[in-house]
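The chain contents come next:
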Amino acid sequence: MDLFRRTIDDLASELPGAAEVFHRHRIDVCTSHGVSARRAAIARGLDPIAMEAELQALYSVEPIAPTEPQALIAHILKRYHATHLREFPEAIRLATMVETVHRHSDLCPIGLADHLAEMAEDLEHHQQKEEAVLFPLMLAGGGPMLQFPIARMNQEHEDVERQLGMIASLTRNLTTPPDACGSWTALYALCRKITDDLREHMRIETEVLFPQFGATPAS
Ligand SMILES: [Fe+2]
Ligand SMILES: [Fe+2]
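Anyway, here's the lowdown on the structure attached to this text. (Residues numbered from 1 in each chain as written. Chains lettered and ligands numbered in written order. Predicted model: local features only at pLDDT ≥ 70, side-chain atom pairs only at ≥ 80, totals over all residues. Heavy atoms only, no water.)

### As for the nonpolar core
Counting 43 residues, the largest nonpolar core has Phe22, Leu55, Phe88, Leu116, Ile167, Leu187 and Leu198 as its most contacted members. The set of elements that each furnish at least two residues to this core consists of helix H1 (8-14), helix H2 (18-24), helix H3 (37-43), helix H4 (48-57), helix H5 (69-101), helix H6 (112-139), helix H7 (147-170) and helix H8 (182-209). Tallying contributions element by element places H8 first for this core, with 9 residues. Among the domains, domain 1 (3-57) and domain 2 (69-213) are the pair contributing at least three residues each to this core. For Leu198, the residues in contact, after removing those within four places along its chain, are His84, Phe88, Met119, Leu123, Val160 and Leu164. Membership of the second largest hydrophobic core comes to 14 residues, among which are Ile76, Tyr80, Met153 and Phe213. (Core = buried A, V, L, I, M, F, W, Y, C linked by side-chain atoms within 4.5 Å. Buried < 20%, exposed > 50% of the residue type's maximum accessible area, 1.4 Å probe, protein only. Helix = DSSP H or I, 4+ residues; strand = E, 2+ residues; numbered from the N terminus. Domains from an automatic or database assignment. Contact = heavy atoms within 4.5 Å.)

### A few points about the side chain of Arg79
Checked against the element boundaries, Arg79 lands in helix H5. Overall, Arg79 belongs to the buried group, its relative accessible area being 14%. Setting aside residues up to four positions removed in sequence, Arg79 forms contacts with Glu62, Lys193 and Asp197.

### Considering the coordination of the iron ion (ligand 2)
The protein atoms donating to the iron ion (ligand 2) are His126 (NE2), Glu130 (OE), His157 (NE2) and Glu205 (OE), with metal-donor distances spanning 2.0 to 2.2 Å. Each of the 4 donor atoms bound to the iron ion (ligand 2) contributes to angles spanning 87 to 176°, and the resulting shape is irregular. Donor residues for the iron ion (ligand 2), ordered by position in the chain, follow H-x3-E-x26-H-x47-E. Here the iron ion (ligand 2) and the iron ion (ligand 1) are spaced 3.3 Å apart, linked through Glu130, which binds each one. One end of the pair, His157, is in helix H7; the other, Glu205, is in helix H8, and 48 residues separate them in sequence. There is no split in this pair, since His157 and Glu205 are both buried. (Donors = N, O, S within 2.8 Å, 3.2 Å for Na, K, Ca; no water. Tetrahedral: all angles 85-135°; square planar, octahedral: opposite > 155°, others 65-115°.)

### Describing the packing of aromatic side chains
Tallied over the entire structure, the rule returns 1 aromatic pair. Centroid distance Trp184 to Tyr188: 6.4 Å. Interplanar angle 90°. Geometry classified as edge-to-face. Residue Trp184 and its partner Tyr188 are located together in helix H8, separated by 4 residues, close to a single helical turn. Relative accessible area serves as the criterion here: at 3%, Trp184 is assigned to the buried category. (Phe/Tyr/Trp six-rings, centres within 6.5 Å; stacked < 30°, edge-to-face > 60°.)

### Describing the pattern of salt bridges
Two side chains with opposite charge may pair up if their charged atoms get near one another. All told, the structure shown has 13 salt bridges when counted by the stated rule. Arg24 serves as the salt-bridge partner of Glu54, at 2.8 Å between the closest nitrogen and oxygen. Placement of Glu54 in helix H4 and of Arg24 in helix H2 is noted, with a sequence separation of 30 residues between them. Residue Arg24 is classed as partly exposed on the basis of its relative accessible area of 44%. Across the salt bridge formed by Arg203 and Glu200, the nearest N and O atoms sit 2.9 Å from each other. Taken as a pair, Arg203 and Glu200 lie in helix H8 at a separation of 3 residues, close to a single helical turn. (Salt bridge = Lys/Arg side-chain N within 4 Å of Asp/Glu carboxyl O.)

### Some thoughts on a negative patch on the surface
Side chains of Asp114, Glu118, Glu121, Asp122 and Glu124 sit close together on the surface and give a patch of like negative charge. Mapped onto the elements of the fold, Asp122 is located in helix H6. For Asp122, a relative accessible area of 36% gives the class partly exposed. (Patch = residues over 30% accessible without salt bridge, like charges linked within 9 Å, V, L, I, M, F, W, Y side chains within 5 Å. Areas by Shrake-Rupley, 256 points an atom, 1.4 Å probe, with all protein chains shown as cover. Lys, Arg positive; Asp, Glu negative; His and termini not counted. Charge placed at Lys NZ, Arg CZ, Asp CG, Glu CD.)

Encoded structure:
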């Protein structure tokens with residue numbers, strides 16, 4: 001796949017994470033409409049091969065989640081906890097930019113940046129509890145004392161689901177206007193990825209990991 005033949009705005013809107021790569025290299029997705037990634041990289045004096053490799057890495061193949069607790073916990077930490085911590089700041093940055101530039105548009109997702117910041121803070125606390133308390137207890141063999149923390153985590157998963165509903169409502173189900181700029185389309189592409197990742201992250205914990213320690217799978 002020759003990514004560099006594709007335009008900056010195409011890549012930013014279709015490939016979650018591409019906007020962050022461009023931002024890091026000081027390529028403005030809003031003013032690069034129709035410019036190929038190759039041309040933009042050369043114009044900024046960047047190493048095109050290195051930047052193409054960064055973009056290519058975003059197409060990584062989804063690993064299959066293991067079921068054995070130790071391997072599954074390692075998978076959750078790497079594939080979801082670390083990814084959320086990396087992606088929320090970029091989504092907040094893009095939302096802040098969109099709300100600033102397009103605040104007079106009826107379709108502007110006013111309040112999205114604050115909502116994402118609140119979600120990121122809640123999620124960080126949730127993940128810290130899993131990492132510091134629940135997962136170590138599971139790795140030590142579990143036991144009846146796990147019932148309370150598992151119930152608490154499942155409650156918090158329901159809170160996350162409500163927060164995802166708020167993202168959908170602020171963004172008209174992540175529908176960009178026809179004339180949306182590169183940052184706006186990149187924001188919604190990243191919010192879609194965050195939404196899908198969070199739902200799969202919570203499904204794996206609630207339906208695959210927690211039941212191995214006595215929790216009843218959610219109906
Ligand atoms: Fe988790
Ligand atoms: Fe969780």
